[in-house]
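# Residue-level structural notes
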There are 2 protein chains.
Amino acid sequence: MAYTEKDKVTQERLVSIAADWYGQMAGGQVPSITLPTRTKANIEYDAKTEVWKYGSKGTTRTANSAKSALHILKMAYVVGFLKQQLNESRSSTLREMYYISEGWKRAKFAAQDESNMLVEDLEIVTKLSREAFHLRPEEDGASIYGPLHLREQTKRGNRDIHCQENVGEAGYPIPSNVENIKFLDHDASFIIAMETGGMYARLMENGFDEEHNAILLHLKGQPARSTRRMLKRMNNELGIPVVIFTDGDPWSYRIFASIAYGSIKAAHMSDILVTPAARFIGVQPSDISDYNLPSDTLTEGDTAALKAILTDPRFDTEYWRHQIRLQLEIGLKSEQQAFASRGLDYVTKEYLPTRLSEMGIL
Amino acid sequence: MAYTEKDKVTQERLVSIAADWYGQMAGGQVPSITLPTRTKANIEYDAKTEVWKYGSKGTTRTANSAKSALHILKMAYVVGFLKQQLNESRSSTLREMYYISEGWKRAKFAAQDESNMLVEDLEIVTKLSREAFHLRPEEDGASIYGPLHLREQTKRGNRDIHCQENVGEAGYPIPSNVENIKFLDHDASFIIAMETGGMYARLMENGFDEEHNAILLHLKGQPARSTRRMLKRMNNELGIPVVIFTDGDPWSYRIFASIAYGSIKAAHMSDILVTPAARFIGVQPSDISDYNLPSDTLTEGDTAALKAILTDPRFDTEYWRHQIRLQLEIGLKSEQQAFASRGLDYVTKEYLPTRLSEMGIL
């Protein structure tokens, strides 16, 4: 993959950070850098884009203490490393960069948390994602199956792949950098993202994607950035709705929230990672009694997590308040595969079509 | 995917279990079933196949107690469910089957562990794998990239896929049932299986697969059954060596052991899951000083695990005794990505070629 226009822009923004320090020093100033304060108190809802973002509170690091000077030195080394990596059209993992810092003497990172945080700072300052810096995550692994024809620009050239006709049963695995994908053509009416591999395989086996022109996406638990970016891009660029199908417990509602509302940790990436139009299709606490689902008693941890959700601004809607209160009242949770107790076809023939109709999607 | 000859054999073997009970009852006997004892004491090394298997100790369950009668009743229900599933050319997850048992009255499973154990018993009795019963695992997810052309028989028809030319950067994801794959053609000299996604991406980016005609396989930590089966089949049917590249710590050595020697839990599946010819390529404890790798101090848990390995019959070779004792002596461990401290090319240009030459593979 050759050096692209995008790589050039990325490199310029990174180098401009170092250029600013140079300018400060040339003007007789101590070099410094200002970043938004990354706490819950500095998260604000942006009505225009419908996502949560950092507010206006900022923290300035000035190299007039050894600690801040060292931080700026490390950032300078990282900028240098990324500049070279972009120049050579290469990439690396966050873990590899941490090990590479072994050769940076005093700028060596003490732990990987430190280098990860610094990369997030660079994302904030440059308004670019770490994928633009050619930094790969350790794992990706989510996959899609459905009527979508795409082109992935790989290091070995372009690959045109139809996500039903050119893939095996495990589907098309989403690469770590979703920006290398171009959507060629599709015949899909909506996207359904699922928490478990069992449900993904169930919908595929039952032909749900063919019957309803649906793109199936396996989230593999808490979704990776590449998976959230893929959902966002499909929602925007294909112009079709996204529904999220998870287990009915607080940890699963947080999976939904990370997709639809974003997270504090990645609030600076909300514009590219968050799909505000994504809707929750279940399992809803009200489904447990409505469908007489096998269920488990809430643990203490579940109850505490549900109570925390009641104070989470992302869940401050009538729908969620009602469902969470109901769940605390009945004290039960159910998994998405619990629909199997009514037969292997129930979820695709009854539950999902009913819910999709209610939502106006079918 | 239609009902196959293999499905027919599977069905016959399952039904014969119930037929035996019928015969016992018709002859005035209390129905019973005998299974190998599944403990460490009943694991034996089979020199012919070079894998660890269950020995001759057996346990008989006779339906003359309520507990054993209930166990046999549950097994009868599972046999009935699997028979119908095979007849209809369908499949399900272990989790779905657990939920389906909701409708089996007294034969309902109390917990999923119980139904999983029962499926393992059926594997032992039928000498078939649960994949043959059309029972899917929850997750799969390992992937391969390299000069291999294969055909996957999917529920939507055959898919011919070349694992470099027809896949994106994430590679070809291994499906849950590897028996549906047919190897068409290949240009590979060996297979290298890696613990981390970072290393898999590193070898791909550096063109290691092209330079050395290697098939890259990402294990994704402790490998799933489908991954181990894929390694076994490639080793046998392509007739090329397999090397395993992991971090240098006791948990990673166990990944190697599960591939090369098998495990107690799946000793009845050793013939199809274990690759005795697989060899460990590193990170070896001796590499930490030989290559001056960044390292971490062993934790108490690491030390205890290393000591346990010294008494594990699977590691009772001169090579492993030497390496484990050395590691306990130096008190250090290193990750496979630690080679990045010597540059992003070091692992593919120096370390792996050197080790592969020593092993006689390059």
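Residues numbered from 1 in each chain as written. Chains lettered and ligands numbered in written order. Predicted model: local features only at pLDDT ≥ 70, side-chain atom pairs only at ≥ 80, totals over all residues. Heavy atoms only, no water.

Broken down by element type, chain A carries 13 helices and 17 strands. Its C-alpha atoms give chain A a radius of gyration of 23 Å, within 12% of the compact-globule value 21 Å for 362 residues. Its C-alpha atoms give chain A principal-axis dimensions of about 75 × 50 × 35 Å. Looking at chain A as a whole, 57% of its 362 residues are labelled buried. Across chain A, every contact between residues at least 6 apart in sequence was considered, and the portion connecting residues at least 24 apart equals 72%. Carbon together with sulfur atoms contributes 49% to the accessible area of chain A, which is approximately 14900 Å² in total. (Helix = DSSP H or I, 4+ residues; strand = E, 2+ residues; numbered from the N terminus. Rg over C-alpha atoms; globule rule 2.2 N^0.38 Å. Buried < 20%, exposed > 50% of the residue type's maximum accessible area, 1.4 Å probe, protein only. Contact = heavy atoms within 4.5 Å. Areas by Shrake-Rupley, 256 points an atom, 1.4 Å probe, with all protein chains shown as cover.)

Residues and elements named next belong to chain B. An order of β10-β7-β13-β12-β14-β15 is seen for the six strands of this open sheet, with the pairing classed as mixed. The strands lining the two open edges of the sheet, one partner per strand, are β10 (172-173) and β15 (279-282). Relative to β15, strand β14 (residues 242-245) runs parallel, the two being bridged by three bridges. Looking across to β15, one finds that Ile244 is bridged to Phe280. The strands that helix α5 (residues 197-205) touches are β7 (143-145), β12 (190-194), β13 (214-218) and β14; relative to β13, the one it contacts most, it runs at about 155 degrees. (Pairing = 2+ DSSP bridges. Axes fitted to C-alpha atoms, helices over the stretch in contact; angles between N-to-C directions.)

Attention shifts here to the side chain of Gln284(B). Residues and elements named next belong to chain B. Mapped onto the fold, Gln284 is located in the loop between β15 and α10 (285-290). Within the structure, the side chain of Gln284 is placed 2.7 Å from the side chain of Tyr319, a separation counted as a polar contact. Discounting residues that sit within four places of it in the chain, Gln284 has contacts with Tyr319, Gln323, Tyr351 and Arg355. (Polar contact = N/O pair within 3.5 Å; in protein donor to acceptor, adjacent residues only side chain to side chain.)

Turning to the relation of the copies chain A and chain B, a few remarks are in order. Superposing chain A onto chain B requires a rotation of 180 degrees together with a translation of 0.0 Å along the rotation axis, leaving an RMSD of 0.0 Å. Look at the turn and shift together and you get a two-fold axis relating the two. A symmetric contact is evident, with 100% of the interface residues of chain A recurring at the interface of chain B. (Least-squares fit on C-alpha atoms with pLDDT ≥ 70 in both.)

Further remarks concern helix α11 (residues 300-310) of chain B. Residues and elements named next belong to chain B. Inspection of α11 places Asp302, Ala305, Leu306 and Ile309 among the buried residues, and these make up the whole buried set. On an axial view of α11, the arc spanned by its buried residues comes to 100 degrees, and they lie on one face. For α11, the exposed residues set more than 90 degrees away from the buried face come down to Glu300 and Lys307. Its buried side turned inward, α11 meets α8 (250-260), β16 (296-297), α12 (318-330) and β17 (332-333). (Arc of directions from axis to C-beta.)

Scanning the entire structure with this criterion turns up 42 aromatic pairs over all chains. Residues Phe280(A) and Trp320(A) carry aromatic rings whose centres are separated by 5.0 Å and whose planes lie at 50 degrees to one another, so their mutual orientation is tilted. Of this pair, Phe280(A) sits in strand β15 (residues 279-282) while Trp320(A) is found in helix α12 (residues 318-330), placing the two residues 40 residues apart along the sequence. Exposure class is identical for Phe280(A) and Trp320(A). Each is buried. Taking 5.6 Å as the distance between ring centres and 80 degrees as the angle between the ring planes, the aromatic pair formed by Phe256(B) and Tyr261(B) counts as edge-to-face. Given the relative accessible area of 3%, Phe256(B) is considered buried. (Phe/Tyr/Trp six-rings, centres within 6.5 Å; stacked < 30°, edge-to-face > 60°.)

What follows concerns the interface of chain A and chain B. Accessible area lost upon the coming together of the parts is a frequently used measure of interface size. Each side of the interface is counted separately: chain A has 55 residues, and chain B has 55 residues. For chain A, the biggest contributors to the area lost against chain B are Tyr99(A), Arg156(A) and Glu169(A); these three give 16% of the whole. At the boundary of chain A with chain B, the tally comes to 16 salt bridges. The tally of links from chain A across to chain B stands at 32 residue pairs in polar contact (both at pLDDT 80 or more). Among the elements of the structure, β5 (92-93), α3 (94-100), β8 (148-154), β9 (157-162), α5 (197-205) and α6 (208-212) of chain A are those that each provide at least two residues to the side of chain A that touches chain B. By residue number, the principal contributor to the side of chain A that touches chain B is α5(A), which donates six residues. Taken together, the residues that form the side of chain A that touches chain B break down as 16 nonpolar, 19 polar and 20 charged. (Buried area = accessible area lost by both parts, 1.4 Å probe. Salt bridge = Lys/Arg side-chain N within 4 Å of Asp/Glu carboxyl O. Nonpolar A, V, L, I, M, F, W, Y, C, P; charged D, E, K, R; others polar.)

Residue and element names in this part refer to chain A. Taken as a whole and assessed by the stated rule, the structure comprises 46 salt bridges over all chains. Put simply, Asp271 and Lys53 hold a salt bridge, and the shortest N to O gap is 3.2 Å. Taken as a pair, Asp271 in helix α9 (residues 270-273) and Lys53 in strand β3 (residues 51-54) lie far apart in primary sequence, 218 residues in all. Residue classification places Asp271 among the partly exposed positions, given a relative accessible area of 40%. The class for Lys53 is partly exposed, based on a relative accessible area of 23%. Arg225 is the salt-bridge partner of Glu131, the closest N and O atoms lying 3.1 Å from each other. Taken together, the residues span a long stretch of sequence, with Glu131 in the loop between α4 (112-126) and β6 (135-136) and Arg225 in helix α7 (residues 225-238) at a distance of 94 residues. Per residue, the accessibility class of Glu131 equals that of Arg225, and both read buried.

With that settled, consider the packing of helix α2 (residues 66-87) of chain A against α4(A). A pair of packed helices is characterised by two quantities: the angle between their axes and the separation of those axes. Residues and elements named next belong to chain A. Where α2 contacts α4, the two axes come as close as 11 Å, and the packing angle between them is 75 degrees. The orientation of α2 with respect to α4, classified from their angle, is roughly perpendicular. Counting all contacts with α2, which are made through His71, Lys74, Met75, Val78, Val79 and Leu82, the residues of α4 involved are Glu114, Leu118, Asp121 and Leu122. Counted by class, the contact of α2 with α4 contains six nonpolar, one polar and three charged residues. (Parallel < 35°, antiparallel > 145°, perpendicular 65-115°, else oblique.)

Turning next to α12(B). Residues and elements named next belong to chain B. In a regular helix each residue adds 1.5 Å, so 13 residues correspond to 18 Å; α12 covers 18 Å between its end C-alpha atoms and thus fits that length. Taken as a whole, α12 has its buried residues at Trp320, Gln323, Ile324, Leu326 and Gln327. The arc enclosing the buried residues of α12, seen along the axis, measures out at 160 degrees, which places them on a common side. Residues of α12 that are exposed and point more than 90 degrees away from the buried face comprise Glu318, Arg325 and Glu329. On its buried face, α12 sits against α8, β15, α10, α11 and β17. (Expected span 1.5 Å × (residues − 1).)

This part covers the packing of helix α1 (residues 5-26) of chain B against helix α2 (residues 66-87) of chain B. Residue and element names in this part refer to chain B. At a closest axis distance of 10 Å, the pairing of α1 and α2 adopts a crossing angle of 155 degrees. Considering their axes alone, α1 and α2 lie roughly antiparallel with respect to each other. Two packed elements cross with a definite hand, and for α1 against α2 that hand is left-handed. Across the interface between the two elements, Asp7, Thr10, Gln11, Leu14, Val15, Ile17 and Trp21 from α1 touch Ile72, Met75, Ala76, Val79, Leu82, Lys83, Leu86 and Asn87 from α2. When its residues are assigned to classes, the contact of α1 with α2 shows ten nonpolar, three polar and two charged. (Left-handed = near helix turned anticlockwise from the far one by under 90°.)

Moving on to the sheet that holds β8(A). Residues and elements named next belong to chain A. Taken in spatial order, the three strands of this open sheet run β9-β8-β11, and their pairing is antiparallel. Bordering the open sheet on either side are β9 and β11 (181-186), each of which pairs with just one other strand. When the angles between neighbouring strand axes are averaged without regard to direction, this sheet yields 20 degrees. In terms of strand pairing, β8 meets β11 through five bridges, oriented antiparallel. Directly across from Arg151, in β11, lies its bridge partner Lys182. Docked against the sheet, α7 engages β8 and β11, running at close to 45 degrees with respect to β11.

All names here are of chain A. The sites that UniProt annotates as "binding site: Mg(2+)" (unreviewed entry) are Glu195 and Asp247. Spatial clustering of the annotated residues is evident: they stretch over 53 residues in sequence, but the largest pairwise C-alpha distance comes to 7.2 Å. Position of Glu195 among the secondary structure elements: in the loop between β12 (190-194) and α5. Using a relative accessible area of 13% as the deciding quantity, one classes Glu195 as buried. Position of Asp247 among the secondary structure elements: in the loop between β14 (242-245) and α8 (250-260). Its relative accessible area of 10% is what places Asp247 among the buried residues. Among residues more than four places away in sequence, those in contact with Asp247 are Glu195, Thr196, Ser252, Tyr253, Val283, Ser334, Glu335 and Gln336. (UniProt positions renumbered as here; feature names shortened; annotations may be inferred.)

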